[in-house]
Amino acid sequence: FWLSSFFGSRKKPNGQIGFHQGIDMAAQRGTEIKAVASGIVECAGYSPGYGNNIIIAHDAVYKTRYAHLDSIYVRVNQKVEEGKKIGVVGDTGFTIKKGKDASHLHFELYERGKQVNPLALLSL
């Protein structure tokens, strides 16, 4: 994959400035997505904007969201271990296409319920 959009301010397709609450990682449709840490699945289904997405609660402080998935391989309340395959990359929900396919993983990190820059934690 490659980072196609960072956390923070960015220009929307209509030219207005918006705030991107996660990072986008472009990859081929069907690329495996694995849990970054162990936890319990809180959401595993379709949400407007996010498309097929998964939210995993890792502890009382951290949650992660994996969005725009082509397929989901976990269910709500399932315990997952770090590195478990939880789904595959797709382009469901709201994605901006430049060509035929906009497949990517939108990844968000929540700290105490607030979205924070995932690169700060992932680079530790």
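None of the values given here were measured: they were computed from a predicted structure. (Residues numbered from 1 in each chain as written. Predicted model: local features only at pLDDT ≥ 70, side-chain atom pairs only at ≥ 80, totals over all residues. Heavy atoms only, no water.)

Novice: Would you mind showing me how to read the overall build of the protein here?
Specialist: The helix and strand tally for the protein stands at one helix and twelve strands. Reading the helices (α) and strands (β) of the protein from amino to carboxyl end gives β-β-β-β-β-β-β-β-β-β-β-β-α. At 14 Å, the protein has a C-alpha radius of gyration in line with the 14 Å of a compact globule built from 124 residues. Counting the 124 residues in the protein, one finds 43% classified as buried. Considering only intrachain contacts with a sequence separation of at least 6, the fraction spanning at least 24 residues in the protein is 52%. For the protein, the accessible surface area stands at approximately 7100 Å², while carbon and sulfur atoms represent 53% of it. (Helix = DSSP H or I, 4+ residues; strand = E, 2+ residues; numbered from the N terminus. Rg over C-alpha atoms; globule rule 2.2 N^0.38 Å. Buried < 20%, exposed > 50% of the residue type's maximum accessible area, 1.4 Å probe, protein only. Contact = heavy atoms within 4.5 Å. Areas by Shrake-Rupley, 256 points an atom, 1.4 Å probe, with all protein chains shown as cover.)

Novice: Looking at this structure, I do not really get the environment of Ile86. What am I missing?
Specialist: Structurally, the position occupied by Ile86 is in strand E10 (residues 85-89). For the pair formed by Ile86 and Lys12, sequence separation is 74 residues and the distance between their alpha carbons is 29 Å.

Novice: I keep staring at the side chain of Asp91 and nothing clicks. Help me out?
Specialist: Mapped onto the fold, Asp91 is located in the loop between E10 and strand E11 (104-111). Polar contacts involving the side chain of Asp91 include one to the side chain of Arg29, which spans 3.2 Å. (Polar contact = N/O pair within 3.5 Å; in protein donor to acceptor, adjacent residues only side chain to side chain.)

Novice: What's the story with unusual backbone geometry in this structure? I'm lost.
Specialist: Look at Asn77: it is not a glycine, yet its phi comes out positive at around 75 degrees. Locating Asn77 in the fold gives a position in the loop between strand E8 (62-72) and strand E9 (79-80). A relative accessible area of 62% places Asn77 in the exposed class. In this structure, Arg112 takes a positive phi of about 55 degrees despite not being glycine.

Novice: Would you take a moment to explain the environment of Leu69 for this structure?
Specialist: Mapped onto the secondary structure, Leu69 falls in strand E8. In this structure the C-alpha to C-alpha distance between Leu69 and Gly18, which are 51 residues apart in sequence, comes to 23 Å. When sequence neighbours within four positions are dropped, the list of residues in contact with Leu69 reads Ile33, Asn52, Asn53, Ile54, Val88, Gly90, Thr92 and Leu105.

Novice: Is there a simple way to think about the pattern of salt bridges in this case?
Specialist: Opposite charge on two side chains allows them to pair when their charged atoms are near. In total, this model carries eight salt bridges according to the counting rule given. For the salt bridge of Lys34 with Glu32, the shortest nitrogen-to-oxygen distance reads 3.9 Å. Lys34 gets classed as partly exposed once you look at its relative accessible area, which sits at 44%. With a relative accessible area of 44%, Glu32 lands in the partly exposed category. A salt bridge links Glu81 to Lys79, with the nearest nitrogen and oxygen atoms 3.5 Å apart. What you see here is one network of salt bridges that share partners, running through Arg29, Asp70 and Asp91. (Salt bridge = Lys/Arg side-chain N within 4 Å of Asp/Glu carboxyl O.)

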